[in-house]
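What follows is each chain in one-letter form.
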Amino acid sequence: MRKKEKTGSVSAYMNQFGKYFRKNWQLYIIFLLPGLLLTLIFKYLPMLGIIIAFEEYSPFLGYFDSKWIGAYNFKRLFSSTEFLRLLVNTLKLSGYNLLWSFFPPIILALLLNRVRSAKIKRNAQLVFYLPYFISTIVLAGMIRLFFSPVGPINAIFGTSIDFMSESEWFRSLYIGSGIWQTIGWSSIIYTSTLAGVSQDLIEAAKIDGATIIQQIRNVELPALKPVIVIQFILSAGNIMSIGFEKVYAMQTDLNKITSDIIPTYVYRLGLEMGDYGYSTAVGLFNSIVNLILLVAVNYVVSKLNEGEGL
Amino acid sequence: MNNKKKSTITQDKVVTWGGNLLLILLTVLIIVPVAYILLCSIMNPSVRNSVGVSLNLKNWTLEGYRRVFQDPNIWRGFRNSFFYSIVFTVISVTVTLLTAYPMSRNDFMGKKFFNAIFVFTMFFGGGLMPTYLLMDQLGLVNTVWAILLPGALNVWNMILARSYYKTVPIELYEAASMDGSTEVQYFFKILIPVCKPIIAVLCLYQFVAMWNSYFDAMIYLDDQNLQPLQLVLRSILVQNQINPNLVANMEKLAETAKLADLLKYSTIVISSVPLIVLYPFFAKSFEKGVMIGSVKG
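Since this is a predicted model, take the numbers as computed values, not measurements.

So, how was this worked out
- Residues numbered from 1 in each chain as written.
- Chains lettered and ligands numbered in written order.
- Predicted model: local features only at pLDDT ≥ 70, side-chain atom pairs only at ≥ 80, totals over all residues.
- Heavy atoms only, no water.
- Helix = DSSP H or I, 4+ residues; strand = E, 2+ residues; numbered from the N terminus.
- Rg over C-alpha atoms; globule rule 2.2 N^0.38 Å.
- Buried < 20%, exposed > 50% of the residue type's maximum accessible area, 1.4 Å probe, protein only.
- Contact = heavy atoms within 4.5 Å.
- Areas by Shrake-Rupley, 256 points an atom, 1.4 Å probe, with all protein chains shown as cover.
- Lys, Arg positive; Asp, Glu negative; His and termini not counted.
- Charge placed at Lys NZ, Arg CZ, Asp CG, Glu CD.
- Buried area = accessible area lost by both parts, 1.4 Å probe.
- Salt bridge = Lys/Arg side-chain N within 4 Å of Asp/Glu carboxyl O.
- Polar contact = N/O pair within 3.5 Å; in protein donor to acceptor, adjacent residues only side chain to side chain.
- Disulfide = S-S within 2.5 Å.
- Core = buried A, V, L, I, M, F, W, Y, C linked by side-chain atoms within 4.5 Å.
- Expected span 1.5 Å × (residues − 1).
- Bend = angle between axes of the 7 residues up to and from the residue.
- Phe/Tyr/Trp six-rings, centres within 6.5 Å; stacked < 30°, edge-to-face > 60°.
- Lys NZ or Arg CZ within 6 Å of the ring centre and 35° of its normal.
- pLDDT = per-residue confidence, 0-100.

Undergrad: I'd like a description of the overall build of chain A, backed by residues and values.
TA: Looking only at helices and strands, chain A features 15 helices and two strands. The C-alpha radius of gyration of chain A comes to 26 Å, more than 25% above the 19 Å expected for a compact globule of 310 residues. Once the C-alpha set of chain A is aligned to its principal axes, its extents read approximately 75 × 55 × 35 Å. The buried share of chain A, taken over its 310 residues, is 50%. Expressed as a percentage of contacts within chain A between residues at least 6 apart in sequence, the contacts between residues at least 24 apart total 65%. When the accessible area of chain A is evaluated, it comes to approximately 15,900 Å², of which 65% is carbon and sulfur surface. Between the centroid of the 27 positive side chains of chain A and the centroid of its 19 negative side chains there is a distance of 10 Å.

Structure below.
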């Protein structure tokens, strides 16, 4: 009886859907289909290809005839001497990056909010956004020129350090150049939030004799708090998905001790050494950790954001 | 009381001045490297090496630019990058705007299901090798489609467009359907014209993203004739491979090295010209995009 009712409701739904589809076919065929096809082909088909993480994949044998080796590649990863170094490098680079680059944009927004002349503020912002549009390659090229042993930085300090070859400098250069490039850009969201704070509140605080520090603490920071929390959680969720492009552009044979992270390892294994299955396994490990982090973060955001996640 | 007020005022003065000083410092930190590159690109390399940058016109030279402009790789890179950026922008923004439309309609049946399909790709993907092998099997490696198609539907941009559509008054749609217009007619004749701001933002996002990216081109395009500017720049700036013809008539090795640096500076400037020319126009649009995004954030 119950079963019958269920099939009844499914067919009723299909009926309803058929009617809706006939009336609104354009929505599916003209609007949705192109994007859906691109997604299925270029995002979902590769997910099926993850199967080679469990195979001794050979391009000649293909997905179905390559030898099945189960979790061997994962055992190989977890027992390899490189695994811990790669994981630590990845976490350190993105962790330190988060800690160092998170607060400067907030401070910048607070400072800009105090600039009275709208014209100066506008022009300053244009200057601060500029580095964001410099490409990764050009940025890496600039770093190499500025920090070369005969470059201007060494000239200023009268030293001749080969920054790009010293592994202990890699993280500082990566994070420092990142702050330089994104501080203005990342401050937009805070600047626009502050623009929405009523100036009356600040005026009232001023009349009450509050110092600037007190005004910031009691008026501006509380207004920014929700944005700060969400931004922080979002960045924390992205900790395993640190960009490959910039690290790879800044990597040299000599700074690999610190600059080798999981994504560059995946690249080297797969495209340079042809170890397809193992490379896929390492990539899958990274994606799964990332997925868990993102789901956790999305859960927290939706709790904070009145039930609306991404 | 008076004293307290006085100390408040001095404290505020210190804070204000400290803040302004920080802003000035940051401005300098951003402008100086950029200006330094501009200057070095026209500085006689021997002078730069011995005395540093100088404002003396006598020490300036356009040699770097002259030589970079002779490099056919740069020109080809420019041509390819313009092609990829323009075509990618058109494909990507069209697909994104189309997809966002049904997803913005509350009555769209299957909305939740399709949304899950799209959003999941933001959280998880096949990874490098499975994607590469698929592209290989589809025969797309070493074709322009490897660059243009995979990232064409950007889910984040789709969400931006969708939230923008939702701000358009529903009365427009009701009036249009009363007049008997189809979805396609409503979309192109009524919705798109009122969505110009978000379309401009999406176009800029995709154009700049494509112009500045190099990863997909690096793994999918072996053919030099297809390579975008960023890959040409990569071989010059990162891999230190300078077209030997451009430094050929330099006799000493040291001279060659100095000239190589000059060429790097000139290359950086030349490659940045398109974005710098457009910059004042699009900085504002980008800012708008961030704010539209933060509504949903």
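Undergrad: I'd like a description of the overall build of chain B, backed by residues and values.
TA: Check the secondary structure of chain B and you find 14 helices and zero strands. Start at the N end of chain B and walk to the C end: the helices and strands fall as α-α-α-α-α-α-α-α-α-α-α-α-α-α. Taken over the C-alpha trace, chain B has a radius of gyration of 26 Å; the compact-globule value for 297 residues is 19 Å, which it surpasses by more than 25%. With respect to the principal axes defined by its C-alpha atoms, chain B has extents near 80 × 75 × 35 Å. A burial count over chain B gives 53% of its 297 residues as buried. Contacts spanning at least 24 positions in sequence make up 74% of the contacts within chain B whose residues lie at least 6 apart. When the accessible surface of chain B is totalled, it reaches about 14,600 Å², and 66% of it is carbon and sulfur. In chain B, 24 side chains carry a positive charge and 16 a negative one; their mean positions are 11 Å apart.

Undergrad: Give me the interface of chain A and chain B: which residues, what numbers.
TA: On the chain B side, the residues contacting the 86 residues of chain A number 89 residues. Taken over both partners, the interface formed by chain A and chain B buries close to 8,000 Å², and the fraction arising from carbon and sulfur atoms is 77%. Linking chain A with chain B are zero salt bridges. Where chain A packs against chain B, one counts 15 residue pairs in polar contact (both at pLDDT 80 or more). The element best represented in the side of chain A that touches chain B is helix α2 (residues 25-48) of chain A, accounting for 18 residues.

Undergrad: With reference to specific residues and values, describe the state of the cysteines.
TA: Taken as a whole and assessed by the stated rule, the structure comprises zero disulfides over all chains. Cysteine B:C195 remains unbridged, with the sulfur of B:C203 as its closest cysteine sulfur at 12 Å.

Undergrad: If you had to explain the environment of A:S177 to someone new, which residues and values would you point to?
TA: Residue and element names in this part refer to chain A. Relative to the helices and strands, S177 is located in helix α9 (residues 167-195). Measuring from C-alpha to C-alpha, the distance between S177 and A195 comes to 28 Å, with 18 residues separating the pair along the chain. At 3.1 Å, the side chain of S177 and the backbone oxygen of Y174 are in polar contact.

Undergrad: Provide a residue-level description of the nonpolar core, including the pertinent values.
TA: Where a protein is soluble and globular, its nonpolar side chains tend to be buried together. Formed by 173 residues in total, the largest nonpolar core has its most connected members in A:Y190, B:L97, B:F118, B:Y165 and B:F187. With seven residues, the next largest nonpolar core counts A:I50, A:A53, A:F74 and A:L284 among its residues.

Undergrad: How would you summarise α2(A) if you had to cite specific residues and measurements?
TA: Residues and elements named next belong to chain A. Under the 1.5 Å per step criterion, the end-to-end length of α2 is only 29 Å for 24 residues, more than 12% shorter than the ideal 34 Å. The largest bend along α2 reaches roughly 55 degrees and is located at L32, with the proline P34 sitting one to four residues downstream. All buried positions along α2 are accounted for by Q26, L27, Y28, F31, L32, G35, L36, L38, T39, F42, P46 and M47.

Undergrad: Summarise the packing of aromatic side chains; cite the residues concerned and give the values.
TA: On inspection of all chains with the given rule, the structure shows 50 aromatic pairs over all chains. Relative to A:F232, the ring of A:F102 lies with its centre 5.0 Å away and its plane at 85 degrees, an arrangement referred to as edge-to-face. Of the two residues, A:F102 sits in helix α5 (residues 81-113) while A:F232 sits in helix α11 (residues 212-237), which places them 130 residues apart along the sequence. The class of A:F232 is partly exposed, set by a relative accessible area of 31%. Judged by centre distance (5.9 Å) and plane angle (35 degrees), the rings of B:F120 and B:F124 are tilted. By relative accessible area, which is 13% here, B:F124 ends up buried. Aromatic rings pair up to connect A:F17, A:Y20, A:F21, A:Y28, B:F108, B:F113 and B:F114 into one cluster. We note A:R76 situated over the ring of A:Y278; from NZ or CZ to the ring centre the distance is 3.7 Å. Over the face of the ring belonging to A:Y174 we find A:K246, whose NZ or CZ atom lies 4.3 Å from the ring centre.

Undergrad: If you had to explain the side chain of B:T121 to someone new, which residues and values would you point to?
TA: Relative to the assigned elements, B:T121 resides in helix α5 (residues 111-123). Separated by 2.6 Å, the side chain of B:T121 and the backbone oxygen of B:F118 make a polar contact. Those residues in contact with B:T121 that lie beyond four places of it in its chain are A:T39, A:K43, A:Y44 and B:V155.

Undergrad: I'd like a rundown of the confidence of the model for chain B, residues and numbers included.
TA: For chain B, per-residue confidence averages 88 on the pLDDT scale, and 93% of positions sit at 70 or higher. Taking the mean pLDDT of every element in chain B, the minimum, 70, falls on helix α2 (residues 45-51) of chain B and the maximum, 97, on helix α7 (residues 145-148) of chain B.

Undergrad: Just give me the short version of the pattern of salt bridges, but keep the residues and values in it.
TA: Counted according to the given criterion, the structure contains 12 salt bridges over all chains. Shared partners join several salt bridges into a network, and the residues in it are A:E82, A:R85, A:D260 and A:R268.

Undergrad: Lay out unusual backbone geometry in plain terms, naming residues and giving numbers.
TA: Residues and elements named next belong to chain B. Positive phi values are uncommon outside glycine, yet N142 reaches one of about 65 degrees. Looking at the element boundaries, N142 is found in the loop between α6 (128-137) and α7. Here the phi dihedral of N240 falls at roughly 60 degrees; this positive angle occurs in a residue that is not glycine. Within the secondary structure, N240 is located in the loop between α13 (229-238) and α14 (253-296).

Undergrad: Give a description of the side chain of A:N24 that names residues and reports values.
TA: Topologically, A:N24 is positioned in the loop between α1 (2-23) and α2. Judged by relative accessible area, A:N24 falls into the buried class, the value being 7%. Excluding its chain neighbours within four sequence positions, the residues that come into contact with A:N24 are B:R105 and B:E183.

Undergrad: So, the environment of A:L293: which residues are in play, and what are the values?
TA: Residue and element names in this part refer to chain A. Mapped onto the secondary structure, L293 falls in helix α15 (residues 276-304). Taking the relative accessible area as the measure of exposure, L293 reaches 28% and is therefore partly exposed. On a C-alpha basis, the gap between L293 and A236 in space is 8.1 Å, while along the polypeptide they are 57 residues apart. Discounting residues that sit within four places of it in the chain, L293 has contacts with G237, I239 and M240.

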